[in-house]
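Close look at the chain arrangement
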Amino acid sequence: MILIHTTGICLLFSYAVSAIPKPEEKRVLDHDPLSHVQHYQNDEHNKQYDHEAFLGEAAKTFDQLEADESRRRLGLIVDKIDGDKDGFVNLSELKAWIQYTQRRYIDDDVNRQWKTHNTNNTEKLHWDTYRQNVYGFLDELASREGSDHPADEHFSYRAMMKRDRRRWGIADRDGDDELTKEEFTDFLHPEESDHMRDVVVTETIEDIDKDNDGKVSVEEYIGDMYRVGEENEEEPDWVKHERETFSNFRDKNKDGFMDNEEVKDWITPAHFDHAEAEARHLIYEADSDADEKLTKDEIIEKYDLFVGSQATDFGEALTRHDEF
């Protein structure tokens, strides 16, 4: 799932300007449309990615369920995925389900934010209205003399507002400074719109490019994923692998950097279908008889891959411990 548009957090601050925290030091936009976490972290498979890709927002609910209830609900979902009712979930059915959960997440997010910002339910939302709702607290802070908030906090939020302003202008296809709901969707989730892909690349470079030279070095690329440990500490193998990936695949012209086009190839690779790749991954992991389709039993047997249950994992660990 795409990371929810970070500026939405600022709504909290407009009502509590006396306690504004510093913006999170992370990317405003994650380019993977299926989950806000990485599928593989430090070379380890992260099942939370699969949970979010398969369930969308419902992954949070499933994480709190007991094992039996988690399996029961998963069985009901499998019945929905099996569109032709032949008793199997094939690649196209699983891909369609993943696309459905992603679309539902986006629609729910847009509807919620549209209702929040467009209280009069007009056909279009003006930038001034959105700016006041999200960043209005900056005006109040600026008017206060002797504010307790450091200038760098104000600068950070103003930088976020400047970025939003640019993204708003690109989403605004007719240039009237007002967004229809469709354009507002492009603004909140630019990774889903072809004509917004360039701003996704620009924002990614801005987040990683620490020396502001307009390109990404190997150290900046690694630094986005890994923080250097103590002096003389050896890098983990997965970091070494990422350095090789940068040199062999990311840096296509071998100049030691990723430029705009190379970053675009990295985060929005042509002809790559995230939903299909995830569907293939899930089938590969759960297909015990290797017939390239899944029965309900195969899916439920691997329920921790599809839906998980944090509370149950803990309970089962205690049970296994008591057996010894």
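Residues numbered from 1 in each chain as written. Predicted model: local features only at pLDDT ≥ 70, side-chain atom pairs only at ≥ 80, totals over all residues. Heavy atoms only, no water.

An unreviewed UniProt entry lists the protein chain under the name Reticulocalbin-3, with Anopheles darlingi as the source organism. In its Subcellular location (unreviewed entry) section, the UniProt entry covering the protein chain states "Endoplasmic reticulum lumen". UniProt, in the comment section headed Subunit (unreviewed entry), describes the protein chain in these words: "Interacts with PCSK6 (immature form including the propeptide); probably involved in the maturation and the secretion of PCSK6." (UniProt positions renumbered as here; feature names shortened; annotations may be inferred.)

For soluble globular proteins, the rule of thumb is that nonpolar side chains tend to be buried together. One finds Y130, W168, F184 and F187 to be the most contacted residues of the largest nonpolar core, which totals 23 residues. The set of elements that each furnish at least two residues to this core consists of helix 5 (91-117), helix 6 (127-143), helix 7 (151-171) and helix 8 (181-188). Sort the elements by how many residues they give to this core and helix 6 lands first, with seven residues. Apart from residues lying up to four places away in sequence, W168 is in contact with L125, H126, W127, Y130, D177, E178, L179, F184 and F187. Counting 20 residues, the second largest nonpolar core, distinct from the first, contains L74, L94, L294 and F306. (Core = buried A, V, L, I, M, F, W, Y, C linked by side-chain atoms within 4.5 Å. Buried < 20%, exposed > 50% of the residue type's maximum accessible area, 1.4 Å probe, protein only. Helix = DSSP H or I, 4+ residues; strand = E, 2+ residues; numbered from the N terminus. Contact = heavy atoms within 4.5 Å.)

A few words on the UniProt feature "domain: EF-hand" (unreviewed entry) in the protein chain. Those places that UniProt annotates as "domain: EF-hand" (unreviewed entry) correspond, in this numbering, to residues 69-104, 159-194, 196-231 and 251-273. Overall, residues 69-104 shows 75% helix and 0% strand. The separation of its end C-alpha atoms is 23 Å. A distance of 25 Å separates the end C-alpha atoms of residues 159-194, which is 58% helix and 6% strand.

Turning our eyes to something else, we now look at the packing of aromatic side chains. The final tally for this structure, using the stated rule, is 14 aromatic pairs. For the ring pair Y130 and F184, a centre distance of 6.2 Å and an interplane angle of 70 degrees mean the geometry is edge-to-face. Taken together, the positions of Y130 in helix 6 and F184 in helix 8 put the pair 54 residues apart, joining distant regions of the chain. In this structure, Y130 and F184 share a single accessibility class: buried. (Phe/Tyr/Trp six-rings, centres within 6.5 Å; stacked < 30°, edge-to-face > 60°.)

Along the chain, the position of V263 falls in helix 12 (residues 260-267). C-alpha of V263 to C-alpha of V200: the two residues are 63 residues apart in sequence and 10.0 Å apart in space. Setting aside its immediate chain neighbours within four residues, V263 contacts V201, T204, I205, V216 and M258.

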